[in-house]
Number of protein chains: 2
Amino acid sequence: MRRVSALVAAAALAACATPPLRGTGDLGVVIERSAGRVQVVDTTARVSLATVGGLGDLSHASVVYSRDGRYAYVFGRDGGLTKVDLLLRRIDRRVIQAGNSIGGAISQDGRVIAAQNYAPGGVKLFDAGTLELLADLRATPGPTGAPSKVVGLADAPGGRFVASLFDADEIWVIDASTPRAPRVDRHPRVGRNPYDGLVTPDGRWYIAGLFGEDGLALLDLWHPERGVARILDGYGKGDPALPVYKMPHLRGWAIANGHAYLPAIGRNEVLIVDTRTWREVGRVAVAGQPVFVIARPDGRQVWVNFAFPDNAKVQVIDTESMRVARTIEPGRAVLHLEFTPRGEAVWISARDDHRVVVYDTATLQQVAALAADNPSGIFFTARAARIGF
Amino acid sequence: MRRVSALVAAAALAACATPPLRGTGDLGVVIERSAGRVQVVDTTARVSLATVGGLGDLSHASVVYSRDGRYAYVFGRDGGLTKVDLLLRRIDRRVIQAGNSIGGAISQDGRVIAAQNYAPGGVKLFDAGTLELLADLRATPGPTGAPSKVVGLADAPGGRFVASLFDADEIWVIDASTPRAPRVDRHPRVGRNPYDGLVTPDGRWYIAGLFGEDGLALLDLWHPERGVARILDGYGKGDPALPVYKMPHLRGWAIANGHAYLPAIGRNEVLIVDTRTWREVGRVAVAGQPVFVIARPDGRQVWVNFAFPDNAKVQVIDTESMRVARTIEPGRAVLHLEFTPRGEAVWISARDDHRVVVYDTATLQQVAALAADNPSGIFFTARAARIGF
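Residues numbered from 1 in each chain as written. Chains lettered and ligands numbered in written order. Predicted model: local features only at pLDDT ≥ 70, side-chain atom pairs only at ≥ 80, totals over all residues. Heavy atoms only, no water.

1. A short note on the overall build of chain A
Applied cut-off: The helix count covers DSSP runs of H or I at least four residues long, the strand count covers runs of E at least two residues long, and both are numbered beginning at the N terminus. We compute the radius of gyration over the C-alpha atoms and compare it with the globule rule, which gives 2.2 Å times the number of residues raised to the power 0.38. Relative accessible area decides the class of each residue, using a 1.4 Å probe on protein chains only: under 20% of the type maximum gives buried, over 50% gives exposed, and in between gives partly exposed. Throughout, a contact is declared for two residues whenever any of their heavy atoms are within 4.5 Å. Per-residue accessibility takes into account occlusion by the displayed protein chains alone, with areas from the Shrake-Rupley method and a 1.4 Å probe. As used throughout, the charge tally considers Lys and Arg to be positive and Asp and Glu to be negative, leaving His and the chain termini uncounted. Charge coordinates come from a single atom per side chain, which is NZ of Lys, CZ of Arg, CG of Asp or CD of Glu.
Looking only at helices and strands, one finds one helix and 32 strands in chain A. The C-alpha radius of gyration of chain A comes to 21 Å, within 12% of the 21 Å expected for a compact globule of 389 residues. On the principal axes, the C-alpha backbone points of chain A span a range of 85 × 50 × 35 Å. Across the 389 residues in chain A, those meeting the buried criterion constitute 60%. Expressed as a percentage of contacts within chain A between residues at least 6 apart in sequence, the contacts between residues at least 24 apart total 41%. On chain A, roughly 14300 Å² of surface is accessible, and the fraction owed to carbon and sulfur atoms is 49%. One finds the centroid of the 45 positive side-chain charges in chain A at a distance of 4 Å from the centroid of its 40 negative side-chain charges.

Rendered as structure tokens:
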């Protein structure tokens, strides 16, 4: 009998080897860019729960979440699309869906994943559950005749995706409500080489940065029939005060309290733009060329990181005074930063110091640090509930 | 051997009788107000997962969520505070913390629950994990000498709570960062009988409605030292065009795209207010006296329900034209409505038809209905990530 009891107990334990129940609202992932891994992190306990490997080339990676917060969809540079189960801490599914890709998005209702691809240039739509390919949209050719690289893909209300075509100078609005037969609204001649784009938090405006000329392209998603407008004519490389090491990520914009905060190009400045008029209303001098400019959720602060050689610093701008309130040094090669959903803390990756540092945003004091192998992007599950993420 | 295998299998199954793993980001609760129960619902599948009873008097009930989205804290009219586990679908903990209470809040970091009480009048702070009482703040007495009823409690950035004292005409800003020894900043003489309050989505402004006079009290939480101001002087019962059956919930305000949409008092109108100036900029004529005025997350629509005798209707206002775009009849006695996080659907309770109806917000068509016993409030877990909820 004792042997039977032992067998029974062992089987019970083995069958219940799943992790204990937990919520998903306070989870996130940290990209370990060199090792092709992600860490699953808990922002309440401020610890790493697990490391999941086998995600390929994550030298450029981005993440969106399933609407239940359980799965992270990781887009890798090599065209890998990996669905990671945060509760089981393992890969659920993985496909190599292109030769070269820099990211993707999830639809408003959570049913469709879209990937933006460089090679072949285009957009692919996948079932969010199974990663089955639903549609393969080849991009308009660029000057070489090859399909254009696609950039700046984001979801928008009404089951749509919006993206820019770098080589073909177009913006696409894709109606994916019937994902096997998506409808594409093409907006041609938006400006030279749109290189990134974002959807504003209210889901109304799509803004694309232009690599080939100054200014930005603006599309009103409530009235796409009105076409693409040009805003901020002076924004760009037109005045090369400083060499431009890298064009800033538009996802590096902060939109808060009626203003947009964006990295100046080739200048050590953050621009402040009124989002009712899209006119510049101020500038903040900062410590280097800004890369990411991210608002604390309540909009009281905007945090900025910088391109090499100033990439060991982070600055905190007070949005009321429009001045830098503090300079912080979290570590070497700060690549990204992410606020907890209600904004009490911010997590910052320091790639060359192999750590992620957590700051209290009220006291600006460090409250935790986690070891990580060449950490880059940090993405929390609260993004599941936000338009354009 | 066969009997051993059967024993082993049975034990394994029994030991793993916990519900399967799932995310919490797409869950919610529906209050069944007469039966003292809540339904746990899944907004992806659009089904009810379980019913949890034993929550006492839920004739007036409100809910906040733990930051991981796993637990719903339900505040009941009888002073009950119940922590409901959405994954195990059962009560985790429950206390009777007052004689009469209408709600509460959770702190920015998720560690502290605050309850606003009528009897005894005051605010109590609890540990969010254990529901241990941490602090008991007795309210300033009103004219009768009894501690004032506390209303309009919400969380604010910086680990604070803000509340109004109905009988004492005060607004309190409570620093709960040391929850066993909270510090209270009292703002006296804010206006006659503040009866409800809200914190704007950016966490900056606290607005309290006044029952005893026209106008609203406004406090800048970035500069509480500047004191309480009065806005919208004409807002109130001063012009009794219609009998006022109930004062509108301030939580029934919509703040979107630089405008606040609020129920007029005693009029069949929704007011539109510019949140930069706090001046009225328009009105929308609607089908009855509005109770809740709630914006779709992207701000393109505002949905309105009404007091008796117009409480079988819901209207959809297009925020661009500032006109009613559609009138819907979900059922009798519509008490509340809640949008899914990215806004593709809205859930509406129809108490007297014992159902919750789900609408697609793009097509305005009904897409699902769930049976519910006298349903009232509907609350989704995405609130866990939002300031003031």
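2. Quick word on the pairing of strand 25 (residues 301-306) of chain B
Residue and element names in this part refer to chain B. Counted only if it meets this: Strands qualify as paired when DSSP identifies two bridges or more between them.
With six of six residues buried, strand 25 is to be regarded as a mostly interior element. Of the two faces of strand 25, the one lined by Gln301, Trp303 and Asn305 and the one lined by Val302, Val304 and Phe306 are each fully buried. Relative to strand 25, strand 24 (residues 290-295) runs antiparallel, the two sharing four bridges. Looking at strand 25, one finds that Val293 is bridged to Val304. Between the end of strand 24 and the start of strand 25, which pair antiparallel, lie five residues, with Gly299 showing a positive phi angle near 80 degrees.

3. Things to note about the sheet that holds strand 23 (residues 279-285) of chain B
All names here are of chain B. Using the following cut-off: Under this scheme, a helix contributes an axis fitted over its contacting stretch, all axes are lines through C-alpha atoms, and angles between N-to-C directions fall in the 0 to 180 degree range.
One open sheet accounts for four strands, arranged 20-21-22-23; its pairing is antiparallel. Both edges of this open sheet fall to strand 20 (254-256) and strand 23, since each of them pairs with a single strand only. Strand-to-strand twist in this sheet, taken as the mean axis angle between neighbours without regard to direction, amounts to 20 degrees. Pairing geometry for strand 21 (residues 259-263) and strand 22 (residues 269-274), over five bridges, is antiparallel. Along strand 22, the bridge assignment pairs His259 with Asp274.

4. Brief notes about the confidence of the model for chain A
When pLDDT drops low, the exact placement of atoms in the prediction is not to be read closely. For clarity, the cut-off: The predictor attaches a confidence to each residue, and that confidence, scored 0 to 100, is pLDDT.
Summarising the model, chain A shows a mean pLDDT of 92, and 92% of its residues fall at 70 or more. Our summary of model confidence lists the complex with pTM equal to 0.93 and ipTM equal to 0.92.

5. A word on the environment of Asn374 of chain B
Residue and element names in this part refer to chain B. With respect to the secondary-structure elements, Asn374 resides in the loop between strand 31 (366-371) and strand 32 (375-380). According to the relative accessible area criterion, Asn374 is buried, its value standing at 16%. Each residue touching Asn374, except ones within four places of it in the same chain, is listed here: Ile31, Glu32, Arg33, Ser34, Arg351 and His354.

6. Some thoughts on the sheet that holds strand 4 (residues 61-65) of chain A
Residue and element names in this part refer to chain A. Taken in spatial order, the four strands line up as 4-5-6-7 in an open sheet, and their pairing is antiparallel. Either end of the sheet is taken by a strand with one partner, and the two such strands are strand 4 and strand 7 (90-96). Taking each pair of neighbouring strands and ignoring which way they run, the sheet shows an average axis angle of 20 degrees. Of the strand pairs in this sheet, strand 6 (residues 80-85) and strand 7 are connected by six bridges, and their pairing is antiparallel. Note on strand 7: the bridge partner recorded for Thr82 is Arg94.

7. So, the relation of the copies chain B and chain A
Under the convention used in this document: In this comparison the copies share one frame, found by least squares on the C-alpha atoms of residues holding pLDDT of at least 70 in both.
Least-squares fitting of chain B to chain A yields an RMSD of 0.0 Å, with the superposition described by an axial translation of 0.0 Å and a rotation of 180 degrees. In symmetry terms, the pair is related by a two-fold rotation axis. Mapped onto chain A, 100% of the interface residues of chain B again fall at the interface, so both copies present the same surface.

8. Overview of the side chain of Arg70 of chain B
Quick note on the threshold: Contacts described as polar in this section are N or O atom pairs within 3.5 Å, which, within protein, must combine one atom able to donate a hydrogen with one able to accept it, while residues neighboring in sequence count only if both atoms come from side chains.
Inspection of the secondary structure puts Arg70 of chain B in the loop between strand 4 (61-65) and strand 5 (71-76). Judged by its relative accessible area of 11%, Arg70 of chain B is buried. A polar contact is formed between the side chain of Arg70 of chain B and the backbone oxygen of Leu21 of chain A, at a distance of 3.0 Å. Of note is the side chain of Arg70 of chain B, whose polar atom sits 3.4 Å from the side chain of Tyr71 of chain B. Setting aside its immediate chain neighbours within four residues, Arg70 of chain B contacts Leu21, Arg22 and Gly23 of chain A together with Thr24, Val84, Asp85, Leu86, Leu87 and Leu88 of chain B.

9. Quick notes on the interface of chain B and chain A
Spelled out, the test is: Accessible-area loss on putting two parts together, using a 1.4 Å probe and summing over both, is the definition of buried area adopted here. Every case where a carboxyl oxygen of Asp or Glu lies within 4 Å of a side-chain nitrogen of Lys or Arg is listed as a salt bridge. As a working rule, the residues Ala, Val, Leu, Ile, Met, Phe, Trp, Tyr, Cys and Pro are called nonpolar, Asp, Glu, Lys and Arg charged, and the rest polar, with Gly in that last group.
Between chain B and chain A, the residue contacts involve 55 residues of the former and 55 residues of the latter. Both faces combined, the contact of chain B with chain A buries some 4600 Å², and carbon together with sulfur accounts for 53% of it. Per-residue buried area on chain B facing chain A is highest for Leu21, Arg67 and Arg342 of chain B; these three make up 21% of the total on that side. For the pair chain B and chain A, the number of links is eight salt bridges. Residue Arg67 of chain A is joined to Glu344 of chain B by a salt bridge in which the shortest nitrogen-to-oxygen separation is 3.1 Å. Here chain B is connected to chain A by 33 residue pairs in polar contact (both at pLDDT 80 or more). The dominant element in the side of chain B that touches chain A, judged by the number of residues it contributes, is helix 1 (residues 2-15) of chain B, at six residues. Split into classes, the residues belonging to the side of chain B that touches chain A amount to 21 nonpolar, 15 polar and 19 charged.

10. Here we look at the pattern of salt bridges
Oppositely charged side chains may form a pair once their charged atoms are brought near each other. Inspection of every chain in the model, using the stated rule, returns 57 salt bridges over all chains. Between Arg70 of chain A and Asp85 of chain A there is a salt bridge, with the nearest N and O atoms lying 2.7 Å from each other. Note that Arg70 of chain A is positioned in the loop between strand 4 and strand 5 (71-76) and Asp85 of chain A in strand 6, a separation of 15 residues in sequence. Asp85 of chain A matches Arg70 of chain A in its accessibility class, with the two residues each being buried. One connected set of salt bridges, linked through shared partners, spans Arg300, Asp318 and Glu320 of chain A together with Arg204, Asp220 and Arg226 of chain B.

11. So, the pairing of strand 10 (residues 122-127) of chain B
All names here are of chain B. Most of strand 10 is tucked away, with five of its six residues classed as buried. Linking two consecutive strands that pair antiparallel, namely strand 9 (residues 112-119) and strand 10, is a turn of two residues. Pairing of strand 10 with strand 11 (residues 133-138), which is carried by five bridges, proceeds in the antiparallel orientation. Residue pairing for strand 11: Phe126 is matched across the bridge by Leu133. Here strand 10 folds back onto strand 11, and the loop between the two strands holds five residues, one of which, Leu131, carries a positive phi near 65 degrees.

12. Some points on the environment of Gly215 of chain B
Residue and element names in this part refer to chain B. Looking at the secondary structure, you find Gly215 in the loop between strand 17 (205-210) and strand 18 (216-220). The sequence separation of Gly215 and Asp202 amounts to 13 residues, and the corresponding C-alpha distance is 22 Å. In this structure Gly215 touches Leu210, Arg230, Ile231, Leu232, Asp233 and Tyr235, once residues within four positions along its chain are discounted.

13. Describing the side chain of Arg204 of chain A
Along the polypeptide, Arg204 of chain A turns up in the loop between strand 16 (194-199) and strand 17 (205-210). By relative accessible area, Arg204 of chain A is classed as buried at 15%. Excluding anything up to four places from it in sequence, Arg204 of chain A contacts Leu219, Asp220, Leu221, Trp222 and His223 of chain A together with Glu320 of chain B.

14. Quick word on the nonpolar core
Formally: What is meant by a nonpolar core is a set of buried Ala, Val, Leu, Ile, Met, Phe, Trp, Tyr and Cys residues, joined one to another through side-chain atoms within 4.5 Å.
Counting residues in hydrophobic clusters, the biggest one holds 21 residues, and the most contacted among them are Ile207, Leu216, Tyr235, Leu250, Trp253, Leu262 and Trp278 of chain B. Counting only elements with at least two residues in this core, the list comes to strand 16 (194-199), strand 17, strand 18, strand 21 and strand 22 of chain B. Listed in part, the 19 residues of the second largest apolar core include Phe166, Trp205, Trp253 and Leu271 of chain A.

15. Structural notes on the packing of aromatic side chains
Residues and elements named next belong to chain A. Rules: Ring geometry is summarised as follows: Phe, Tyr and Trp rings, the Trp one being its six-membered ring, pair when their centres sit within 6.5 Å, and such pairs are stacked at plane angles under 30 degrees, edge-to-face over 60 and tilted between the two.
The full count for this structure, using the stated rule, is twelve aromatic pairs over all chains. Ring centres of Tyr195 and Phe211 lie 6.2 Å apart, and the angle between their planes is 75 degrees; this geometry places the pair in the edge-to-face category. A residue pair is termed long-range when its members are at least 10 positions apart, and Tyr195 in strand 16 and Phe211 in the loop between strand 17 and strand 18 (216-220) qualify at 16 residues. Centroid distance Trp303 to Phe339: 5.9 Å. Interplanar angle 85 degrees. Geometry classified as edge-to-face.

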